[in-house]
Amino acid sequence: MGLFRSSLFLLVLSLLQESNASLVQLNNNGYEGVIIAIDPAVPEDEKIIEQIKDMVTTASTYLFETTEKRFFFKNVSILIPENWKENSEYKRPKHESYEHADVLVAPPTLPGRDDPYTKQFTACEEKGEYIHFTPDFVLGKKQNEYGPSGKLFVHEWAHLRWGVFDEYNEDEPYYSAKSKKIEATRCSTGITGINRVYKCQGNSCIARGCRIDSKTKLYEKDCLFFPDKDQTEKASIMFMQGIDSIIEFCNEKNHNREAPSLQNKMCNSRSTWEVISNSEDFKNTTSMVAPPPPPVFSLLKISQRIVCLVLDKSGSMAISSRLNRMNQAAKHFLLQTIENGSWVGMVHFDSQADVKSNLIQILSSNERNKLLESLPTAASGGTSICSGIRSAFQVIREIYSEIDGSEIVLLTDGEDNTAGSCVEEVKQSGAIIHFIALGPSADAAVTEMSTITGGSHFFASDEAQNNGLIDAFAALVSGNADLSQQSLQLESTGLTLNNNLWMNGTVIIDSTVGKDTFFLVTWNKQSPIISLWDPSGTPVESFTVDTGSKMAYLSIPGTAKVGVWTYSLQAKENSEILTLTVNSRAANSSVPPITVNAKVNKDTNSFPSPMIVYAEILQGFVPVLGANVTASIESNGGKTEVLQLLDNGAGADSFKNDGVYSRYFTAYSDNGRYSLKVRAHGGTNAATRSLRRPTNRAAYIPGWVVNGEIEANPPRPEIAEDTQTTLESFSRIASGGAFVVSNVPTLPLPDLYPPSQITDLEATSDGDEISLTWTAPGDNYDVGKVQQYIIRTSGSILDLRDNFDDALQVNTTDLLPKEANSQETFAFKPGNISEENATHIFIAIQSVDKSNLTSKVSNIAQVALFTPEADPTPDETHPNPSPDENLPNSGVNISSLVLVVVGSVAIVSIILSTTICTLNKKKNSRGPRTEF
């Protein structure tokens, strides 16, 4: 039996290692289980469903061609909101839900922001979160600006599935090439076009050559690359897939390694095809001979939630007050978390199962209270998990002929050597298993059930003050309910009180929440004296005290007052354990609440590989910046580590100011399960809503060059990227579920972790000095302090990247490293670099820790030294130059320009005033142009 359990544990680890929110699987070259979900906020329009089908069908053919006949879309589920009208074609979902959606069709992040993008905040080669398309994009209203939807879907799928990045860069649209020319950031450089500043007023538009910025020695800010409509170049999809000739990803032969693209920065200058070719998808397939069949679509309509609680009441549940803690958490779930309209049943199990309540629809407090009466009161007997699950199936079938899409919340604290016998039955049932493991011995087989059915997995230790069980149940909100209906956790805290018998604190209720606000207090010995004041200082009383379950709760009628609520709990004896939990729902269905989602980069890990903790803070789809975010990670043995999560673009954090806060975790103390809980707090005037566009989005096409003339698209709606709207104070708690760690050696742990890679190195020139700034890494990734920095420079970005150890080293004797995540600054004078050798100097850094472990080489910063060399047409490779290509400042040698100006001032003036590009006047007129 020990061998069986060991093998099962390894199987579960392998399953978890590959787990992701997505349920997509690759089967015989075809992607199965793709979920495209239409957001409840999207007005009903059946055209959206038809357009989704057309988009995916076209994308499947294009994907097959672009991946050398290797991949296609086999079957796709379209999730239809519950508020859309019924249709005989619509079926009930099984495991499909919004939280597992690969594509969301939802309103734009901000009005007018129809940029298709992929939520992607992890490392190169790691899967993204989801793709966001707006209804207008799906309906084909944005094709001129972004290209055909099918081709663009493949661009975004590459982000999502294979972890590649864009090959354009709006922050660095131009760079100085080794040819000493200014080039547009793109892949490949075979894509032709012209660089112009294009200004419109009314129906009159003027295009002029791009001037060179005196600081960067690159083209000015308003300069745009307009691609030729007719091209011969085939790559690349990750630059501008809307070009008709583009049918390939950039590969090792045509990849532009010089360009400052995100692909180069994030993937160590590898081409997108190299990354894709290294994926598990690629390794597990071979090219097909025959073309694939068209995708098969399933139309699934969200319906009422069905939940059955399957609760362990075996003898071991009597240990450490587990039974009572389970009841407290289950009561919180039944009173607050479960949404109105849901159907709920209950099963208890020990060595056999007992149905305590058939499905009841939650319509009022009456049904909730009736279910409370069904909770177990005593613990005894053995553990038969499969008996509990099979009884839950029976409960559901009493009302529904099929179990598809129903949820089973299974809590157990013990092992059961027969649990593996119903894994296949669970898999075939269509039910979703949410697993809450209480204590270190909860059975591993159930983790497999949870994984294969798309359920959640939580771990709660026996430390009552950590509120782990209540947090786990509180996280089980509906994956398909409108966000405005979901219960959000505002506070979850606990203390063991010795000597000082008071537990005092505050809870912030911001204006985005306040409906159905629920306060819960629990204790271990005697009921405390509870005092609560609203923001105006008025006492709030009428707590319901349940002495049997050792809990008291209060529901605020209507919408709770916005502001700071103050509480004071007084214990009646020493060694008392008190906890406080506060939940609330959105105050207004039309105003999205602030939310926090927590996760780790993988569900299982083996020492010494680090974990990465992520917490994303959003209001709707808009990132929230400037919050104070901490993660509490509790081990199997009850030890808790607290990490400050950061959104600074350094260390584990891939992108600065994207609303995703990250940190490495390496402080392992035990083998087994760890639980993650995240706390986010936004103080007044500290937290802001970011108006920046998403990082990994499809390139907006400013227009095309046709027969030497620019046919411009409407200017993209602009919002000042640096504009941020200040938020009021808020607080949120989120459970990040559980992860498993193995092979942890006996403490103390050896030093196996190098400093993290510096990714935000910046350089500026000031006279004859170059000033550098970057975020300090740590001795162990992003914790501690490095021993020294190695700074090297080169006149060639490729030489510096490929041969860092051979590049010219800067004297850093006076550079004393600071603590991790501090801002480092350093200035130096570069050696003599002649104009004929380089136009820019490139700089990179490597860090070394006390164990002589070295980091990866940093991102490469550059500083302009000289104006790029003269060239007749350095800013374009256009086959048929238009009359304005020889305008001043479009790349002409400066000294030649002076001669032209001196000898022909009047002529130049005339050219500048008559450089007007005629707008393309087709039947589908784009209307008047406004100035960029």
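Description of the structure in this document. This is a predicted model, so every value here is computed, not measured.

Conventions adopted
- Residues numbered from 1 in each chain as written.
- Predicted model: local features only at pLDDT ≥ 70, side-chain atom pairs only at ≥ 80, totals over all residues.
- Heavy atoms only, no water.
- Core = buried A, V, L, I, M, F, W, Y, C linked by side-chain atoms within 4.5 Å.
- Buried < 20%, exposed > 50% of the residue type's maximum accessible area, 1.4 Å probe, protein only.
- Helix = DSSP H or I, 4+ residues; strand = E, 2+ residues; numbered from the N terminus.
- Contact = heavy atoms within 4.5 Å.
- Disulfide = S-S within 2.5 Å.
- Arc of directions from axis to C-beta.
- Salt bridge = Lys/Arg side-chain N within 4 Å of Asp/Glu carboxyl O.
- Phe/Tyr/Trp six-rings, centres within 6.5 Å; stacked < 30°, edge-to-face > 60°.
- Lys NZ or Arg CZ within 6 Å of the ring centre and 35° of its normal.

With that settled, the discussion passes to the nonpolar core. Ranked by internal contacts, the top residues of the largest apolar core, which has 69 residues, are F153 and W157. Sort the elements by how many residues they give to this core and helix α2 (residues 46-66) lands first, with eight residues. Ignoring anything within four residues of it in the chain, the contact list for W157 reads V24, Y31, V34, L63, F73, I131 and W162. Ranked by size, the runner-up nonpolar core spans 38 residues in total, among them I617, A631, A687 and Y781.

This brings us to the state of the cysteines. According to the stated counting rule, one finds five disulfides in the structure shown. At a sulfur-sulfur separation of 2.1 Å, the disulfide partner of C187 is C250. Residues C187 and C250 share a disulfide whose torsion about the S-S bond is about -125 degrees; that sign makes it left-handed. With a gap of 63 residues between them, C187 in the loop between β10 (182-184) and β11 (193-201) and C250 in the loop between α6 (237-240) and α7 (262-266) connect regions that are remote in the sequence.

The next subject is helix α11 (residues 365-372). The complete set of buried residues in α11 reads E367, R368, L371 and L372. Buried residues along α11 cover an arc of 145 degrees about the axis, so they all sit on one side. Facing away from the buried surface of α11 by more than 90 degrees, the exposed residues are N366 and K370. Along its buried surface, α11 packs onto α10 (322-337), β16 (343-349) and β17 (353-361).

One pass over the full model with this rule turns up 39 salt bridges. A salt bridge links D115 to R697; its shortest N-O distance comes to 4.0 Å. On the criterion of sequence distance, the pair formed by D115 in the loop between β6 (103-105) and β7 (117-119) and R697 in the loop between β37 (688-690) and β38 (703-706) is long-range, its members being 582 residues apart. For D115, a relative accessible area of 4% puts it in the buried group. Taking the shortest distance from any N to any O, the salt bridge between E616 and K119 comes out at 2.8 Å. Here the residue E616 occupies a position in strand β31 (residues 611-619), and K119 occupies one in strand β7, the gap between them amounting to 497 residues.

Let us now look at the environment of T337. Turning to its location among the elements, T337 is positioned in helix α10. Accessibility expressed as a relative area gives 0% for T337, which makes it buried. In this structure, the C-alpha to C-alpha distance between T337 and N583, residues 246 residues apart in sequence, is 8.3 Å.

Another aspect to go through is the packing of aromatic side chains. Within this structure, the stated rule accounts for 32 aromatic pairs. Relative to F739, the ring of Y674 lies with its centre 5.4 Å away and its plane at 5 degrees, an arrangement referred to as stacked. Separated by 65 residues along the polypeptide, Y674 in strand β36 (residues 672-682) and F739 in strand β41 (residues 730-742) bring together distant segments of the chain. One exposure class covers both Y674 and F739, and it is buried. An aromatic cluster is built from Y31, F71, F73, F133, F137, F153, W157, W162, F249, W273 and F282, whose rings are joined through pairwise contacts. Across from the ring centre of Y400, 5.6 Å away, lies the NZ or CZ of R92, which sits over that ring.

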